[in-house]
Amino acid sequence: MKETVFERFEKANSILKLDFTSKELAKLSEELVISEEGLEAVEKVFTYLTDKKVQTTIHTLLRMSRLPLKEPKTFDNFDFSLIKGKDAEQLKNLSSLSAVYSHRNLAFIGPPGTGKTHLAQAFGYECCQHGMKTYFIKASELRDRFTTARRSGKEDSCLNGLVRPSCLIIDEIGHCEFDKENTRLFFDLIDRRYNKEGYFNIIFTSNKNPSLWRENFNEDTTLLCALDRIFDEATVFKFKGESFRGKKLETIALQTGRIKAVDSENTENT
């Protein structure tokens, strides 16, 4: 069914949050005898303002996400033709963001250069496009942030900031070591997000299978509790094969050598 101008205005107003309802607009249009064409012109103004606010919100979310903005990693610029296997289609379906709405964590596991970080960042980028707060952090940065928070007594503030985003991306698990206190903070982070309300998930990338993550966390019992919550509802994508990096590498063969000295006497006689 075709929507009225007032119904479309109501939708725009839900984004703009104006102190002016569609009912008030209807009454005003009657008082001023505004024609249908006039109302459509008013609607176009509100549509423009709505689109502008949406784009401003997306830009702000992307800027705060710590995702790369100069050359963003998206699902559109990921080469899915390089992914083989019967479950490759499931990887393409990530762009639906169903994992956020179903609270399903994601893990991309495999050797370097197979697209793990690209896919994780593409998911986060898509979340921002749909108005959901995203935050990207490397495991080594997370460890350092925990250490700094402990020294300054700001553990709760640190954890609250990491619990807030709808999509939290932790990149390169297994590239650094967490001591006992940082492992306990890692568990607290996972536990708080596990009990979080609304739409949310966590994305991990790692060169190691989760069963080997204990090599980088110095508190087995605490880590096992964290893993239990992470993979309670999760999808793990395991990558095998060669690195994608270097596919556009161009090799140019060159040869250098000494320039032979010219004999001056022979030169004069010729």
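Each remark here, short or long, concerns the structure printed above.
Quick summary incoming for the structure in this document. For clarity, every value in this text was computed on a predicted model and none was experimentally measured.

**A closer look at the overall build of the protein chain**
(1) Moving on: Broken down by element type, the protein chain carries eleven helices and five strands.
(2) Moving on: Scored against the burial criterion, the 270 residues of the protein chain give a buried share of 38%.
(3) Moving on: When contacts within the protein chain are restricted to residue pairs at least 6 apart in sequence, those whose partners lie at least 24 apart make up 80%.
(4) Moving on: For the protein chain, the exposed surface amounts to about 17100 Å²; the carbon and sulfur share of it is 50%.

**Things to note about the packing of helix α7 (residues 139-152) against helix α8 (residues 155-163)**
(1) Moving on: Across the interface, α7 lies against α8 with an axial gap of 8 Å and an inter-helix angle of 145°. On α8, the residues that touch Leu142, Arg145, Phe146, Ala149 and Arg150 of α7 are Glu155, Cys158, Leu159 and Leu162.
(2) Moving on: When the residues that make up the contact of α7 with α8 are grouped by side-chain class, the tally is six nonpolar, no polar and three charged.

**Some points on the pattern of salt bridges**
(1) Moving on: In this structure the tally under the stated criterion is twelve salt bridges.
(2) Moving on: The partner of Glu89 in a salt bridge is Lys92, with the nearest N and O atoms 4.0 Å apart. Placement of both Glu89 and Lys92 in helix α4 (residues 88-92) is noted, with a separation of three residues, approximately one turn of the helix.
(3) Moving on: Through salt bridges with shared partners, a single ionic network connects Lys138, Asp171 and Glu172.

**Considerations on the sheet that holds strand β2 (residues 134-138)**
(1) Moving on: The strand order β2-β3-β4-β1-β5 describes an open sheet built from five strands, whose pairing is parallel. Two strands lie at the open edges of the sheet, namely β2 and β5 (234-238), each paired on one side alone. Here the strands of the sheet are splayed against their neighbours by 15° on average, with no regard to which way each runs.
(2) Moving on: In this sheet, strand β4 (residues 201-206) lies alongside strand β1 (residues 105-109) in parallel orientation, the contact comprising four bridges. Paired with Phe108 across the strands is Thr205, a residue of β4.
(3) Moving on: In this fold α7 packs onto β2 and β3 (167-173), with an angle of close to 90° to the strand it touches most, β2.

**Things to note about the packing of aromatic side chains**
(1) Moving on: Considering all chains together, one arrives at eleven aromatic pairs under this definition.
(2) Moving on: Here the aromatic rings of Phe9 and Phe46 are separated by 4.9 Å at their centres, their planes lie at 80°, and the arrangement is edge-to-face. Here the residue Phe9 occupies a position in helix α1 (residues 5-16), and Phe46 occupies one in helix α3 (residues 36-65), the gap between them amounting to 37 residues.
(3) Moving on: When its relative accessible area of 16% is taken as the criterion, Phe46 is described as buried.
(4) Moving on: Aromatic pair Trp213 and Phe231: ring centres 6.0 Å apart, planes at 50°, arrangement tilted. Of this pair, Trp213 sits in the loop between β4 and α10 (220-230) while Phe231 sits in the loop between α10 and β5, and the two are 18 residues apart along the sequence.
(5) Moving on: Relative accessible area serves as the criterion here: at 0%, Trp213 is assigned to the buried category.
(6) Moving on: Through a chain of ring-to-ring contacts, the aromatic side chains of Phe9, Phe20 and Phe46 assemble into a single cluster.
(7) Moving on: One cation-aromatic arrangement involves Arg229 over Tyr194; the distance from NZ or CZ to the ring centre is 6.0 Å.

**Notes on the environment of Leu162**
(1) Moving on: Along the chain, Leu162 turns up in helix α8.
(2) Moving on: Given the relative accessible area of 1%, Leu162 is considered buried.
(3) Moving on: For the pair formed by Leu162 and Arg192, sequence separation is 30 residues and the distance between their alpha carbons is 9.6 Å.
(4) Moving on: What Leu162 contacts, discounting residues up to four positions off in sequence, is Tyr135, Leu142, Arg145, Phe146, Leu168, Leu189 and Arg193.

**Thoughts on α3**
(1) Moving on: With 30 residues, α3 should cover 44 Å at 1.5 Å per step; its first-to-last C-alpha distance of 43 Å lies within 8% of that length.
(2) Moving on: Every buried residue belonging to α3 is among Leu39, Glu43, Phe46, Thr50, Ile58, Leu61, Leu62 and Ser65, and all of these are buried.
(3) Moving on: Each element contacted by the buried residues of α3 is listed here: α1, α2 (22-31), α6 (116-129) and β2.
(4) Moving on: Among the residues trailing α3, Arg66 stands out with phi positive, at a value near 70°.

**Quick word on a nonpolar patch on the surface**
(1) Moving on: The grouping of Val45, Tyr48 and Leu49 at the surface amounts to a nonpolar patch, some 290 Å² of accessible area in total.
(2) Moving on: As for its position among the elements, Tyr48 is in helix α3.

About the thresholds
Residues numbered from 1 in each chain as written. Predicted model: local features only at pLDDT ≥ 70, side-chain atom pairs only at ≥ 80, totals over all residues. Heavy atoms only, no water. Helix = DSSP H or I, 4+ residues; strand = E, 2+ residues; numbered from the N terminus. Buried < 20%, exposed > 50% of the residue type's maximum accessible area, 1.4 Å probe, protein only. Contact = heavy atoms within 4.5 Å. Areas by Shrake-Rupley, 256 points an atom, 1.4 Å probe, with all protein chains shown as cover. Axes fitted to C-alpha atoms, helices over the stretch in contact; angles between N-to-C directions. Nonpolar A, V, L, I, M, F, W, Y, C, P; charged D, E, K, R; others polar. Salt bridge = Lys/Arg side-chain N within 4 Å of Asp/Glu carboxyl O. Pairing = 2+ DSSP bridges. Phe/Tyr/Trp six-rings, centres within 6.5 Å; stacked < 30°, edge-to-face > 60°. Lys NZ or Arg CZ within 6 Å of the ring centre and 35° of its normal. Expected span 1.5 Å × (residues − 1). Patch = residues over 30% accessible without salt bridge, like charges linked within 9 Å, V, L, I, M, F, W, Y side chains within 5 Å.

Honestly, it's all geometry; don't read function into it.
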